[in-house]
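Tertiary structure, described
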Amino acid sequence: MRLFVSEGTPGSLPVLAAAGRVRGRIELLINTVGPEGIRASAECVVPFLTRPKVPVLQLDSGNYLFSTTAICRYFFLLSGWEQDDLTNQWLEWEATELQPALSAALYYLVVQGKKGEDILGPLRKALTHIDQSLSHQNCPFLAGETESLADIVLWGALYPLLQDPAYLPEELGALRSWFQTLSTQEPCQRAVETVLKQQGVLALRSYLQKQPQAHPSEGKVVSNEPEEEELATLSEEEIAMAVTAWEKGLGSLPSLRPQQNPVLPVAGERNVLITSALPYVNNVPHLGNIIGCVLSADVFARYSRLRQWNTLYLCGTDEYGTATETKAMEEGLTPREICDKYHRIHADIYHWFNISFDIFGRTTTPQQTKITQDIFQRLLTRGFVVQDTVEQLRCEHCARFLADRFVEGVCPFCGYEEARGDQCDKCGKLINAIELKKPQCKVCRSCPVVKSSKHLFLDLPKLENRLEDWLGKTLPGSDWTPNARFIIRSWLRDGLKPRCITRDLKWGTPVPLEGFEDKVFYVWFDATIGYLSITANYTEQWERWWKNPEQVDLYQFMAKDNVPFHGLVFPCSALGAEDNYTLVKHLIATEYLNYEDGKFSKSRGVGVFGDMAQNTGIPADIWRFYLLYIRPEGQDSAFSWTDMLLKNNSELLNNLGNFVNRAGMFVSKFFGGYVPEMVLTPDDQRLLAHITLELQHYHQLLEKVRIRDALRSILTISRHGNQYIQVNEPWKRIKGSEADRQRAGTVTGLAVNIAALLSVMIQPYMPTVSATIQTQLQLPLQVCSVLPIKFLCTLPAGHQIGTVSPLFQKLENDQIESLRQRFGGGQAKASPKSTVVETVTAGLQQIQVLMDEVTKQGNIVRELKAQKADKNQVAAEVAKLLDLKKQLAVAEGKPLETPKGKKKK
């Protein structure tokens, strides 16, 4: 086995460090060449390469490994290392997020001679991500207690830059410790000596000078604008296939599946069961709660139905527990009355947001008691429930044991001062209430005392092997989000412990065991069983969904704090019950949505809650769109009134709404309301293929439940449509020769078919807007109900459309500022209103002017490109556009980000 590496080549660092793990175990010959010898060496080792490639590993079989990560992985596997999901997630992040930013930073430093923030700026977000991950998991390495493949690959990528202390920020203590630990290891030190030759990062100069020039960050803002994208290069075959699909039209749509009531699994079909995390009944959901579970799940449920998958979507209110008892005390009602009241509030909110539940139930039902007690009895019989005495906090003033959520104090792990008695919202660790420092009763604020009580525990350690086996079969090929995988793996890494499943309460599911008649089940044990009981109240045949893992795909949506209960506790309970329960196959967890610069707070009047949104005058679909546009998929995000105004006025009003309205108006105004004949040119055929590619990309993203990214595909198609109309100018051609009028007809017919496609694609996101477009275009029911894989002609020549009218209204600056003040809580009183309003309104007006200028300049660039104008002229206009975008970003208060590169299909 021969390894070829080179001095001054970044990829050689991690490869040599990984090779150190197998020293003495295998026969490995390492050939090192200087930068000038790369081509000769590579061509000698791999004669079929047209470009030199180092590092290269030549295996004894005669095969070659070219990828740095693949070579490192090979060495790690030879050393006995076992692969794991967390390492694979880090490697994917390194390739897609870290490397683009790092490559730009190294290029600026070594080739362009830049320093300071010019270098650190593009990397700061990535470095902070590593630091926070190391801090949160409280482990020395990225994937746990021992060094993994991810550590070596990331260390090798970062070392040339971070070896200079100026680029390793002092505040990133966990990152600094991790980097120094690895850098002092002998294999890593030998790799540095071989590759950098005591020259530091300057040893990479020759290599970096031969790389494509990095685009500087100045003046560049990450954007979806088409002038900054390159359309995919299409083959003749792809174009021909797109044309064939277009011509088949309605005939290629599948027949609609028959409606069922109740919806039940069907053998031979894809059966999709979707749940949203059950919201606590004792409060009103805010925007973060809505996007975290019900709205995200609704998008996927609507998409599933458009795919003609057999879909059941359910949710309901979680009604048992101390939270309900205490809320009832506060309002002078019984627990049942408080549940009835807030269940109606939740149902009304979700109805206004157009959430398409098949079932919206509740957990305070006889079916809940029956199913929960049955699972408990099965666990008890099989030896998975144990008894123990528990020290609990008791409030002598309230004369009651305090449930975990009614104790607050200082987290013993991270010091967060508002940790609950069961979990810390800051570090995510589970807590026993008696571990809290400075505990307080949330009801009366007195200091509780510790007393003993006998309780039942779920023996998680005894179920751990079953859980590991199930995860090993489930996770590969599933669509668990990275944060869900990480949370479950961190629990398992720390070792499972018995968890108490009973509480000293009255309002809950009774424990059917002698000696425990005065107790109820802890809400985290029986709340997830609520999905089963809600289904059982919907149909007596509920077991066809919940005891049918072979035929049912279960998708569960939630915020990340709910992951342990859905990905670990309920699966352990179900596996221990040994009753063939359907377990989650795809666990979809979001991060948190914040409000402006802080958190939602009902008591302080900060943030928009579900019952308030409908009183803002902004339609539900606009709320849906914006929440989905900023959905916190990979990291926390924040709701911003200014950004909501901008997205509504730019993406909806000026982009999507403008295109759909123009397409329909041209049919009405120029062709009497009938779709004209279409004679496609080669350019039109290429557009068909581009639309098909973007549609397929949309499908790929939604099948992986990447909801926010799929929304971008809709807006991209709309931009293609606007550009197509702008370049071909049907309003001018309709007044010209016969050929011009025919061309106007083709452009109008193709545009209105794109609008028809968009009406179906946006249905999961904005169902009311979707239905409005479909009514205006008079789309057939089959077209409205099925989303094809390819772009079809669904409105053939001669199809009559209805009356066309605008879809969206402009959000005005004073309207948004009034709402900001209204939902700002105490913040609104911090300074005189007139000064605040004048300053912010002036800023919003400037932003709107710049938005209009960006749109205008973007059209100029599109037209020049379409006309294949002189490159220098195009470059000059693009420079103007980029400058305007820079001004807009500054006005919005956004950082100037390094672009991730041009979009590739």
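To start, this report covers the structure provided alongside it. (Residues numbered from 1 in each chain as written. Predicted model: local features only at pLDDT ≥ 70, side-chain atom pairs only at ≥ 80, totals over all residues. Heavy atoms only, no water.)

Quick look at the overall build of the chain now. For the chain, the count of helices and strands is 32 helices and 20 strands. Over its C-alpha trace the chain gives a radius of gyration of 30 Å, about what one expects of a compact globule, namely 29 Å for 905 residues. Going through the 905 residues of the chain one by one, you find that 55% of them count as buried. Of the contacts made within the chain by residues no fewer than 6 positions apart, 77% connect residues no fewer than 24 positions apart. Total accessible area on the chain is roughly 38,700 Å²; 49% of this is exposed by carbon and sulfur atoms. (Helix = DSSP H or I, 4+ residues; strand = E, 2+ residues; numbered from the N terminus. Rg over C-alpha atoms; globule rule 2.2 N^0.38 Å. Buried < 20%, exposed > 50% of the residue type's maximum accessible area, 1.4 Å probe, protein only. Contact = heavy atoms within 4.5 Å. Areas by Shrake-Rupley, 256 points an atom, 1.4 Å probe, with all protein chains shown as cover.)

Moving on, we get to unusual backbone geometry. The omega torsion across N261 and P262 is 0°, close enough to zero to call that bond cis. Positive phi values are uncommon outside glycine, yet R445 reaches one of about 70°. Position of R445 among the secondary structure elements: in the loop between β12 (437–441) and β13 (449–458). You can call R445 partly exposed: its relative accessible area is 43%. Backbone geometry at V705 places phi at a positive 60°, although glycine is not the residue there. Residue V705 is classed as buried on the basis of its relative accessible area, which comes to 4%.

Below, the discussion takes up the packing of aromatic side chains. For any pair of aromatic rings, geometry is given as the distance between the ring centres together with the angle between the planes. For the coordinates displayed, the defined rule picks out 32 aromatic pairs. On the numbers, 5.9 Å between centres and 90° between planes, the contact of Y303 with W309 is edge-to-face. A relative accessible area of 0% means that Y303 is categorised as buried. Joined through ring pairs, the aromatic side chains of Y595, F600, F609, W623, Y626, F639, W641 and F823 make up one cluster. The side chain of K114 reaches across the aromatic face of Y108, ending 4.9 Å from its centre. A cation sits over an aromatic face here: K429 above F413, 5.7 Å from the ring centre. (Phe/Tyr/Trp six-rings, centres within 6.5 Å; stacked < 30°, edge-to-face > 60°. Lys NZ or Arg CZ within 6 Å of the ring centre and 35° of its normal.)

The biggest cluster of nonpolar side chains holds 192 residues, and the ones touching the most others in it are W623, W641, Y698 and Y765. When residues in this core are grouped by element, the largest group, 12 residues, is from helix α11 (residues 287–306). (Core = buried A, V, L, I, M, F, W, Y, C linked by side-chain atoms within 4.5 Å.)

Attention now goes to helix α27 (residues 738–761). For α27, which comprises 24 residues, the first-to-last C-alpha distance of 35 Å matches the rise-based estimate of 34 Å (1.5 Å per residue) to within 8%. Counting buried positions over the 24 residues of α27 gives 19, a clear majority of the element. (Expected span 1.5 Å × (residues − 1).)

With that settled, the discussion passes to empty space enclosed by the protein. Summed over all chains, the structure comprises 2 cavities of 30 Å³ or more. Reported here for the largest cavity is a volume of approximately 90 Å³. It is α27 that contributes the most residues to the lining of the largest cavity, 4 residues altogether. In terms of residue class, the lining of the largest cavity is built from 9 nonpolar, 2 polar and 1 charged. What lines the second largest cavity is simply T322, Q392, F401, L402, A403, R503, D504 and L505. (1 Å grid on protein atoms, 1.4 Å probe; cavity = no way out; pocket = protein on both sides within 12 Å on 5 of 7 lines; lining within 4 Å. Points joined across faces, edges and corners; volume = space filled by probe spheres on them. Nonpolar A, V, L, I, M, F, W, Y, C, P; charged D, E, K, R; others polar.)

Applying the stated criterion across every chain, the model contains 43 salt bridges. Put simply, R257 and E269 hold a salt bridge, and the shortest N to O gap is 2.6 Å. Note that R257 is positioned in the loop between α10 (236–248) and β5 (271–276) and E269 in the loop between α10 and β5, a separation of 12 residues in sequence. As a salt-bridge pair, D643 and K647 come within 2.5 Å of each other at their nearest N and O atoms. Residue D643 and its partner K647 are both found in helix α23 (residues 641–671); the two are separated by 4 residues, about one turn of the helix. K647 carries the same exposure label as D643, and that label is buried. (Salt bridge = Lys/Arg side-chain N within 4 Å of Asp/Glu carboxyl O.)

Time to look at the sheet that holds strand β7 (residues 359–362). Overall, parallel pairing links the 5 strands, which are arranged β7-β6-β5-β17-β18 in an open sheet. Each end of this open sheet is capped by a strand with a single partner; those strands are β7 and β18 (586–590). If you compare each strand with its neighbour and ignore which way they point, the axes differ by 20° on average. Pairing between strand β6 (residues 310–317) and β7: 4 bridges, direction parallel. What sits directly across from T317, in β7, is R362. Relative to β6, helix α18 (residues 530–538) is tilted by about 110°, and along the sheet it contacts β5, β6, β7 and β17 (552–559). (Pairing = 2+ DSSP bridges. Axes fitted to C-alpha atoms, helices over the stretch in contact; angles between N-to-C directions.)

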